[in-house]
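# Per-entry structural report
One-letter residues, chain by chain:
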Amino acid sequence: MSTPSKDLSYFEGNIIPAQNAKLSIQTHALQYGTSVFGGIRGYYNSDKKNLYVFRIKDHFKRLINSTKIMQLQFTKSPAELEEITIELLKQCGYHQNVYVRPIIYTSSLQLSPRFHDVPTEIGIYVLKLNDYLDTENGLTTCISSWRRIDDTTIPTMSKTSGGYVNSALAKSEAIQNGFDEAIFLDSKGLVSEGSAENIFIVRNGKIITPSLESSILEGITRRTIFELAKELGIDYEERSIARSELYIADEIFFSGTGVQVAWVKSVDKRIIADGKIGPISKKLQDLYFNVVKGNNQKFMHWLTPIY
Ligand code: PMP
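Computed from a predicted model, the values in this text were never measured in an experiment.

Attention shifts here to the site of the ligand. Inspection of the region around the ligand gives 15 residues, with Arg62, Tyr164, Glu193, Thr221 and Thr257 positioned closest. Take Lys159: an N or O atom from its side chain is 2.8 Å from a nitrogen atom of the ligand. Here an oxygen atom of the ligand and a side-chain polar atom of Thr257 are 2.6 Å apart. Tallied by class, the residues present in the shell around the ligand amount to four nonpolar, six polar and five charged.

Time to look at the domain arrangement of the protein. Examined at the domain level, the protein breaks down into domain 1 (8–128) and domain 2 (139–292). If you average the C-alpha positions of domain 1 and of domain 2, the two centres end up 25 Å apart. The partner domain 2 presents 20 residues to the 20 residues of domain 1 that form the contact. Interface area, domain 1 with domain 2, both sides summed: about 1,800 Å², of which 59% is carbon and sulfur.

In summary, soluble globular proteins display a tendency toward joint burial of nonpolar side chains. Counting 27 residues, the largest nonpolar core has Leu89 and Ile122 as the members making the most contacts within it. Ranked by the residues each element gives to this core, the list is headed by helix H3 (residues 78–92), at six residues. If sequence neighbours within four positions are ignored, Leu89 has contacts with Leu51, Val53, Tyr94, Val98, Val100, Val126, Ile306 and Tyr307.

Before going further, it helps to spend a moment on the pattern of salt bridges. As enumerated under the stated definition, the model contains 15 salt bridges in all. Between Asp58 and Arg55 there is a salt bridge; the shortest N-O distance is 3.0 Å. What makes Arg55 buried here is its relative accessible area of 8%. As a salt-bridge pair, Lys298 and Glu231 come within 2.7 Å of each other at their nearest N and O atoms. Here Lys298, found in the loop between helix H7 (279–292) and strand S17 (303–305), pairs with Glu231, found in helix H5 (residues 220–232); they are 67 residues apart in sequence, far enough to count as distant. Given a relative accessible area of 36%, Glu231 falls into the partly exposed group. In the salt-bridge network here, residues are joined through shared partners; they are Arg203, Lys206, Glu237, Arg239 and Glu245.

Basis of the calculations
- Sequence order as written defines residue numbering, which begins from 1 separately in each chain.
- Totals for whole chains, interfaces and linings use all residues, but because this is a predicted model, local features are given only for residues with pLDDT of at least 70 and pairs of side-chain atoms are given and counted only at 80 or more.
- Side-chain numbers here rest on the full set of heavy atoms in the structure, without hydrogens or water.
- Residues are labelled near a given molecule or strand when at least one of their non-hydrogen atoms is within 4 Å of it.
- Contacts described as polar in this section are N or O atom pairs within 3.5 Å, which, within protein, must combine one atom able to donate a hydrogen with one able to accept it, while residues neighboring in sequence count only if both atoms come from side chains.
- When residues are sorted by character, Ala, Val, Leu, Ile, Met, Phe, Trp, Tyr, Cys and Pro go into the nonpolar class, Asp, Glu, Lys and Arg into the charged class, and all the rest, Gly among them, into the polar class.
- These domain boundaries are the output of an automatic or database domain assignment.
- A contact between two residues is defined here by any heavy atoms of the two lying within 4.5 Å.
- Defined in terms of a 1.4 Å probe, buried area is the accessible area two parts forfeit on being brought together, summed over both.
- In this description, a nonpolar core means a group of buried Ala, Val, Leu, Ile, Met, Phe, Trp, Tyr and Cys residues linked to one another through side-chain atoms lying within 4.5 Å.
- Each residue is placed in one exposure class: buried if its accessible area under a 1.4 Å probe, protein chains only, is under 20% of its type's maximum, exposed if it is over 50%, and partly exposed if it falls in between.
- For helices the rule is a DSSP run of H or I covering at least 4 residues; for strands it is a run of E covering at least 2, with both sets numbered from the N terminus onward.
- One side-chain nitrogen of Lys or Arg within 4 Å of one carboxyl oxygen of Asp or Glu is enough to make a salt bridge.

This is the structure in structure tokens:
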């Protein structure tokens, strides 16, 4: 029998029981959304009896970049955050898939929405998580009536909590109208991304995704897809995508840490191709799951074993 897992969090410098990691209602970040966060997955491989964290270095590098964009005072390095997370996961002792959420927040109990001259703290918590959205049956999607926040309004390259009000509006609207997920257009009316995932279309054998000019988050899974496409000999391109191109795409899929690689069955009630998973989405999805679970030797450098 393995030892039971423990529900622990990193909070104010210590690893403590998750139920004790609590903040005051006066906390600055709660009023103003002035926190930045990450989302990292760990996959448990039962054959290898190990928990593999996917691209931890890239996630912490992006988190620190988020603090830089927003001018949050924060002194810990990506390497220190990696070390803390590994120790936290070791102590939790999970033998299942997990999602790790680090969040750097303005921690003082003071008024005035600002990023400068406010002390920060970092909290890290762990959730047990398998699929966030269905990856097998195809997602129904709609174009959101809410436009993606522009990079000049709230920087979209930073995972800032306040920016997720935009995602929450789009997600709720999509679900309430009977769809699984929303697709945002940017302020120019070009395709941007999903509420918490990047989007790819396939046309004539090539995968295409909006470029950074379309107010997207620069997804780590998006970058992973580029590498996996190279491995499979599939061409990829970053460019503007018009709304109507979605309807006539050969395939569409989302990428993201939470969503993983999930294919899209319809957009605005228009069935994409024959309504089945396309060959390129399928190949990329299969390779992705092999890689993240630690079943592909070539990409083991992206994985950090916990045990
Ligand atoms: N866009 C948004 C708005 C997101 O919240 C996420 C999830 N982090 C993504 C894209 C995908 O990013 P990643 O692949 O790094 O998880």
